[in-house]
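# Report on the structure
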Amino acid sequence: IRAGGVIPVFAFLILPPVAALRVARRTGAVIAAALLLAFAGCFVGLELSYDSDLPAGASIVAALGGLGLLLSAFGLLKRRKREVAPPSGSSRMLP
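Let me sum up the structure you'll find in this document.

## Some remarks on helix 2 (residues 27-52)
When the terminal C-alpha atoms of helix 2 are compared, their 37 Å separation across 26 residues agrees well with the 38 Å that a helix rising 1.5 Å per residue should span. Buried residues of helix 2: Val30, Ala33, Ala34, Leu37, Ala38, Gly41, Gly45 and Ser49, and no others. Of the surrounding secondary structure, the elements contacted by the buried residues of helix 2 are helix 1 (6-23) and helix 3 (56-84). At the exit of helix 2 stands Asp53, carrying a positive phi of roughly 55°.

## Some thoughts on the environment of Ile60
When you line up the elements, Ile60 lands in helix 3. When its relative accessible area of 9% is taken as the criterion, Ile60 is described as buried. For Ile60, the residues in contact, after removing those within four places along its chain, are Phe12, Gly41, Cys42, Gly45 and Leu46.

## Thoughts on a positive patch on the surface
Where like charges cluster on the molecular surface, the positive patch consists of Arg22, Arg25, Lys78 and Arg82. You can see Arg25 is positioned in the loop between helix 1 and helix 2. The exposure class assigned to Arg25 is exposed, which follows from its relative accessible area of 61%.

## Focus: the side chain of Ser49
Within the fold, Ser49 resides in helix 2. If sequence neighbours within four positions are ignored, Ser49 has contacts with Leu54, Pro55, Ala56 and Ser59.

## Section: a nonpolar patch on the surface
Together, Val6, Ile7, Phe10, Leu13, Ile14 and Val18 give the surface a local cluster of nonpolar side chains, amounting to about 600 Å² of exposed area. Turning to its location among the elements, Ile7 is positioned in helix 1. A relative accessible area of 61% means that Ile7 is categorised as exposed.

## Topic: the packing of helix 2 against helix 3
One can describe the packing of helix 2 onto helix 3 by two numbers: an axis separation of 7 Å at closest approach and a directional angle of 130°. Compared by their axis directions, helix 2 and helix 3 come out oblique. Our pair here, helix 2 against helix 3, has a crossing hand that is right-handed. For the pair helix 2 and helix 3, contact is made by Leu37, Ala38, Ala40, Gly41, Cys42, Val44, Gly45, Leu46, Leu48 and Ser49 and by Ala56, Ser59, Ile60, Ala63, Leu64, Leu67, Gly68 and Leu71, respectively. Looking at the contact of helix 2 with helix 3 residue by residue, the class counts come to 13 nonpolar, 5 polar and no charged.

Definitions and cut-offs
- Residues numbered from 1 in each chain as written.
- Predicted model: local features only at pLDDT ≥ 70, side-chain atom pairs only at ≥ 80, totals over all residues.
- Heavy atoms only, no water.
- Helix = DSSP H or I, 4+ residues; strand = E, 2+ residues; numbered from the N terminus.
- Expected span 1.5 Å × (residues − 1).
- Buried < 20%, exposed > 50% of the residue type's maximum accessible area, 1.4 Å probe, protein only.
- Contact = heavy atoms within 4.5 Å.
- Patch = residues over 30% accessible without salt bridge, like charges linked within 9 Å, V, L, I, M, F, W, Y side chains within 5 Å.
- Areas by Shrake-Rupley, 256 points an atom, 1.4 Å probe, with all protein chains shown as cover.
- Salt bridge = Lys/Arg side-chain N within 4 Å of Asp/Glu carboxyl O.
- Lys, Arg positive; Asp, Glu negative; His and termini not counted.
- Charge placed at Lys NZ, Arg CZ, Asp CG, Glu CD.
- Axes fitted to C-alpha atoms, helices over the stretch in contact; angles between N-to-C directions.
- Parallel < 35°, antiparallel > 145°, perpendicular 65-115°, else oblique.
- Left-handed = near helix turned anticlockwise from the far one by under 90°.
- Nonpolar A, V, L, I, M, F, W, Y, C, P; charged D, E, K, R; others polar.

Below, the structure written as structure tokens:
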């Protein structure tokens, strides 16, 4: 923990699983989504850090947060779309 910093370590422990829970429900899907988000956040954060000469830990945390917000928005839209759509195979009866 000392080499990486406390905040990036907690960000890796908290942000990917919370964001994955917004888009997946099964345990295996949540784990896979959290791993993908962690890898993507690390890559994007390190790339941002290298290109902009910013601290790596802060860049990774910002990338994880941004990707988490994007996934949360996607999950919210997906859930709203499911609530609005009528169930398949049902016929509407007219009054």
